[in-house]
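Examination of the molecular architecture
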There are 2 protein chains.
Amino acid sequence: MVIGGDAAGLSAAAQARRLRGASELDVVVLEQGPEISYSACGIPYWIGGLVSDRDRLMARTPADFAAQDVAVRTDTRAEGIDLSAGEVVAAGGERLGYDHLVVATGGKPFRPPVPGLDADGVHGVHRLADGADIRAAIAAGAKRAVVLGGGYIGLEMAEVLQTRGLEVTVVLADPLPMAQLDDDMGERVCAAMCGMGIDVRPNQPVREIELGVDGAVRAVRTDEAAYDADLVVLGLGMGPETTLAQEAGLALGTTGAIDVAHTQRSRSHPEVFAAGDCAQTFHRITGEAIHVALGTHANKQGRVAGSVIGGRPARFAGVLGTAMTKVGDLEVARTGLCTTQAEEGGYDYRTELIESSTRAGYYPGSAPITVKIITERGSGLLLGAQIVGGPGSGKRIDVFATAVWAGMTAETLAGSDLSYAPPFSPTYDPVVVAARVASRIEQG
Amino acid sequence: MVIGGDAAGLSAAAQARRLRGASELDVVVLEQGPEISYSACGIPYWIGGLVSDRDRLMARTPADFAAQDVAVRTDTRAEGIDLSAGEVVAAGGERLGYDHLVVATGGKPFRPPVPGLDADGVHGVHRLADGADIRAAIAAGAKRAVVLGGGYIGLEMAEVLQTRGLEVTVVLADPLPMAQLDDDMGERVCAAMCGMGIDVRPNQPVREIELGVDGAVRAVRTDEAAYDADLVVLGLGMGPETTLAQEAGLALGTTGAIDVAHTQRSRSHPEVFAAGDCAQTFHRITGEAIHVALGTHANKQGRVAGSVIGGRPARFAGVLGTAMTKVGDLEVARTGLCTTQAEEGGYDYRTELIESSTRAGYYPGSAPITVKIITERGSGLLLGAQIVGGPGSGKRIDVFATAVWAGMTAETLAGSDLSYAPPFSPTYDPVVVAARVASRIEQG
């Protein structure tokens, strides 16, 4: 029995089925909404018109799963979990028994406790219905949008709303967008946004959503100003959706997400698994509890739960917090520890920031790229990296993510044999340049 | 004293100078040609018109080096090395004493021993003068080009000559272009070339360059046919330029390049260093002697030689044979061992080939990507990878290059935290998909 028909839940179901045939195990997935397996990350691009058809965001249908003997029940809300009886209580009181349970209830957008936030015209970017609502608002003539928050969703929504012709203001509680970056890198993102004509308002926590007499959104008010808005978008990050788990008595961790072991088993009730945005995970470097809402982790965690249920030992290997996005032509990516995290973790660290180009300087389309890396002083171990730059910059973060994952030093990475061709890289790839500068300084 | 004013020689000179000041060490670079520090890899793109100005291929000038107290003497050909006297004999008989010598004489295009190959109209793509000659031939009305060989230079030249409006035939001795790829990947490259309208003629070693009564190139003849040509381009790879080293008595290795230790010291004469395309190197995985002509290695090897001369221990860390190019929109990349190399090396290996997309399937511009990986059976260690696909495919090889360099298994790579965003990747990056398929099969 799986509660939640998206990345984590469906991966768990598919993997359990792969390892144990239909004669051994019934696999049932309950999904409260009408659709399964959609790409929440694609919603901004659907709103922006880059993805023409909502159905293109749907990777797989219940019929696809039925063909693999996985029963998916959409529009079926789990109202409760009776751990002692081993039953899920569905809407209408139907009680469904299980031998193995995977809780994959996903995440929910952070909603600051300010007046007016529940009004029409304030939208998350989480469910397909959110996307449809925002599209409808634009079609109905919305002219001014305020995006709350400057994380990935905030940046992407600012870009696509501007593409659709709206005036866009981004209101930040923080001093800079992309709080997962160091300030010197976040400043570059901020400059690019301003250069695109996006109105960025830092250091202004939202205080109220002002409504018109018709009850519709009229403005976003901070301590400093009121920003006119026909449309307000929440880009303040995602928290875990744990209502069902909490009511059932599953213990939550320090992050507020369901506390699980590396096998994705609940620490308080090991007979229950939790995976995806509702579950807590851990940082590969520091080992600390962390909550990251991202489809890739959800897929992998679901797969781990499905493997264990299917009888094959498996463990989730942790996260580095690798992430990537773009705003206009500027690509933004990060992995591992940023300076603040290294500081908090008690690491003795160095940082190096280099400027290079995405291609050979003489090759058309060569664009600036800034790479910042963080290494442990003494050992030279790579702790993290951040990249901001033109087209072709961002995916280079995967080299750092792999190197950090493998426990490489900057010196080892600097010696490695990365590809070179003028249309794709300077002779020394910017990754190598950064690693080399860091290792040279380590050598004294 | 450094012989050769390009990647390896100049890196050695700069690094030695960095470590030892002008009061301790005179650094002199002899270059036989009129220019230094040019990008040979950029010549095809200059011919193709993508790089407007020849000077843009020049990274640094003698004046730049003079400002760092490195004396560069252009148009100064070293005619001989007197190892016992510790002197280089320059053109005109001038004898220049040295305490440390770096031989960085570079490479030379392979020239098959066939009649007519020395005629006007047969061009390497090695020196700036070659580029100027080919540009002049096109300007003079050349209509039909035959490219001999289907390696990186062959592919790049076929593309740029076609861009310039010539009819292009590529004549291969091998069954497929890109002999460094497995056949199933090379077939994809071949199909893309044919789809662009490039006439590819495999399995036809060239027998003769036919000349007209004016002594100019008229056709390329193989056992099967004669292909009309106004212009013939050598794309058969680069060998080491070792004339000077051989005459001086420096021992060559099994590859025909100068035999050096990891410190870049000659094995027969450890007081002499050799670096770059003239020097032999070794494969990181197999440890075997190999010759690879590539600017990145030349830079690093020169730097090792300069470090050792400067008093800092350094060792070159080997190569994986990472390489990348493009033909039209198709990107081609490889690293580590291909199937043939794994076979020859006596490895018990598996291969996996997966098809995926460069971006989320629904995101505009998503293109097919094929990834093939080779792992050691039992250990699951990554031995090599090959990628062929649309824009954004090729640089993903760097993740594999890093993973192979670090000695990662497919399973470890499959668990790693690579970046995901719809404009740049499906939820699971194709790199992870390939690693996962390989590790799943290893698990049985």
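For chain A, an unreviewed UniProt entry supplies the name NADPH-dependent 2,4-dienoyl-CoA reductase/sulfur reductase-like enzyme and the organism Blastococcus colisei.

Another point: the sheet that holds strand 1 (residues 2-3) of chain A. Residues and elements named next belong to chain A. Strand order in the open sheet formed by five strands is 3-2-1-7-18, with parallel pairing between adjacent strands. In this open sheet, the two edge strands, each paired with only one partner strand, are strand 3 (70-73) and strand 18 (272-274). Looking at chain direction, strand 7 (residues 101-103) and strand 18 are connected through three bridges and run parallel. By the bridge assignment for strand 18, Val-103 is matched with Ala-274. The strands that helix 1 (residues 7-19) touches are strand 1, strand 2 (27-30), strand 3 and strand 7; relative to strand 2, the one it contacts most, it runs at about 175°.

Our focus in this paragraph is the interface of chain A and chain B. Counting residues at the interface gives 60 residues for chain A, matched by 60 residues for chain B. Carbon and sulfur atoms supply 61% of the area that chain A and chain B bury against each other, a total of about 5,400 Å² over both sides. When the area that chain A buries against chain B is broken down by residue, the three leading residues are Tyr-362, Asp-417 and Phe-424 of chain A, summing to 15%. Across the contact surface, chain A and chain B share two salt bridges. Two residues, Asp-429 of chain A and Lys-395 of chain B, come together in a salt bridge whose shortest N-O distance is 2.6 Å. The tally of links between chain A and chain B comes to 24 residue pairs in polar contact (both at pLDDT 80 or more).

All names here are of chain A. Taken domain by domain, chain A consists of domain 1 (2-39 + 59-107 + 239-309), domain 2 (122-234) and domain 3 (332-443). Using C-alpha coordinates to define each centre, domain 1 is positioned 36 Å away from domain 3. Listed per partner, the contact involves four residues of domain 1 and six residues of domain 3. Roughly 520 Å² of surface becomes buried between domain 1 and domain 3 when both sides are summed, with 65% attributable to carbon and sulfur atoms. The largest contributions to the domain 1 side of the interface with domain 3 come from Arg-284, Ile-285 and Thr-286, which together make up 80% of the buried area.

Moving on, we get to the side chain of His-283 of chain A. Residues and elements named next belong to chain A. As for its position among the elements, His-283 is in the loop between strand 19 (281-282) and strand 20 (289-290). At 3.0 Å, the side chain of His-283 and the backbone nitrogen of Ile-285 are in polar contact. Sequence-distant contacts of His-283, that is, excluding residues within four places in its chain, are made with Glu-288, Ile-290, Val-319, Leu-320, Gly-336 and Leu-337.

On inspection of all chains with the given rule, the structure shows four aromatic pairs over all chains. Judged by centre distance (5.0 Å) and plane angle (85°), the ring pair of Tyr-45 of chain A and Tyr-363 of chain B falls under edge-to-face. Remark: Tyr-363 of chain B occurs in the loop between strand 23 (349-357) and strand 24 (368-376) and Tyr-45 of chain A occurs in helix 2 (residues 43-47); the pair is interchain, linking two chains. On the basis of relative accessibility, which here comes to 7%, the residue Tyr-363 of chain B falls in the buried class. If you follow Arg-284 of chain A out to its NZ or CZ, it ends over the ring of Trp-405 of chain A, 3.8 Å from the centre. Against the face of Tyr-428 of chain A rests Arg-436 of chain A, its NZ or CZ located 3.9 Å from the ring centre.

With numbering aligned to this structure, UniProt lists the feature "domain: Pyridine nucleotide-disulphide oxidoreductase dimerisation" (unreviewed entry) at residues 324-426 of chain A. Annotated as 21% helix and 36% strand, the span residues 324-426 of chain A places its first and last C-alpha atoms 22 Å apart.

Below, the discussion takes up the packing of helix 10 (residues 397-406) of chain A against helix 10 (residues 397-406) of chain B. In a packed pair of helices, the relevant descriptors are the angle between the two axes and the axis-to-axis distance. Where helix 10 of chain A contacts helix 10 of chain B, the axes come no closer than 8 Å and their chain directions differ by 20°. In terms of their interaxial angle, helix 10 of chain A and helix 10 of chain B are classed as roughly parallel. The handedness of the crossing between helix 10 of chain A and helix 10 of chain B comes out as right-handed. Contacts between helix 10 of chain A and helix 10 of chain B involve Asp-398, Val-399, Thr-402, Ala-403 and Ala-406 of chain A on the former and, on the latter, Asp-398, Val-399, Thr-402, Ala-403 and Ala-406 of chain B. A breakdown of the residues in the contact of helix 10 of chain A with helix 10 of chain B according to their chemical character gives six nonpolar, two polar and two charged.

According to UniProt, the positions carrying the feature "domain: FAD/NAD(P)-binding" (unreviewed entry) are residues 1-284 of chain A. Helix makes up 23% of residues 1-284 of chain A and strand 25%. Its end C-alpha atoms lie 29 Å apart.

A few words on the environment of Gly-415 of chain B. Position of Gly-415 of chain B relative to the elements: it lies in helix 11 (residues 410-415). In this structure Gly-415 of chain B comes out as partly exposed when scored by relative accessible area, which is 21%. The contacts of Gly-415 of chain B, once residues within four sequence positions are left out, are Lys-300 and Trp-405 of chain A.

Analysis parameters
- Residues numbered from 1 in each chain as written.
- Chains lettered and ligands numbered in written order.
- Predicted model: local features only at pLDDT ≥ 70, side-chain atom pairs only at ≥ 80, totals over all residues.
- Heavy atoms only, no water.
- Pairing = 2+ DSSP bridges.
- Helix = DSSP H or I, 4+ residues; strand = E, 2+ residues; numbered from the N terminus.
- Contact = heavy atoms within 4.5 Å.
- Axes fitted to C-alpha atoms, helices over the stretch in contact; angles between N-to-C directions.
- Buried area = accessible area lost by both parts, 1.4 Å probe.
- Salt bridge = Lys/Arg side-chain N within 4 Å of Asp/Glu carboxyl O.
- Polar contact = N/O pair within 3.5 Å; in protein donor to acceptor, adjacent residues only side chain to side chain.
- Domains from an automatic or database assignment.
- Phe/Tyr/Trp six-rings, centres within 6.5 Å; stacked < 30°, edge-to-face > 60°.
- Buried < 20%, exposed > 50% of the residue type's maximum accessible area, 1.4 Å probe, protein only.
- Lys NZ or Arg CZ within 6 Å of the ring centre and 35° of its normal.
- UniProt positions renumbered as here; feature names shortened; annotations may be inferred.
- Parallel < 35°, antiparallel > 145°, perpendicular 65-115°, else oblique.
- Left-handed = near helix turned anticlockwise from the far one by under 90°.
- Nonpolar A, V, L, I, M, F, W, Y, C, P; charged D, E, K, R; others polar.

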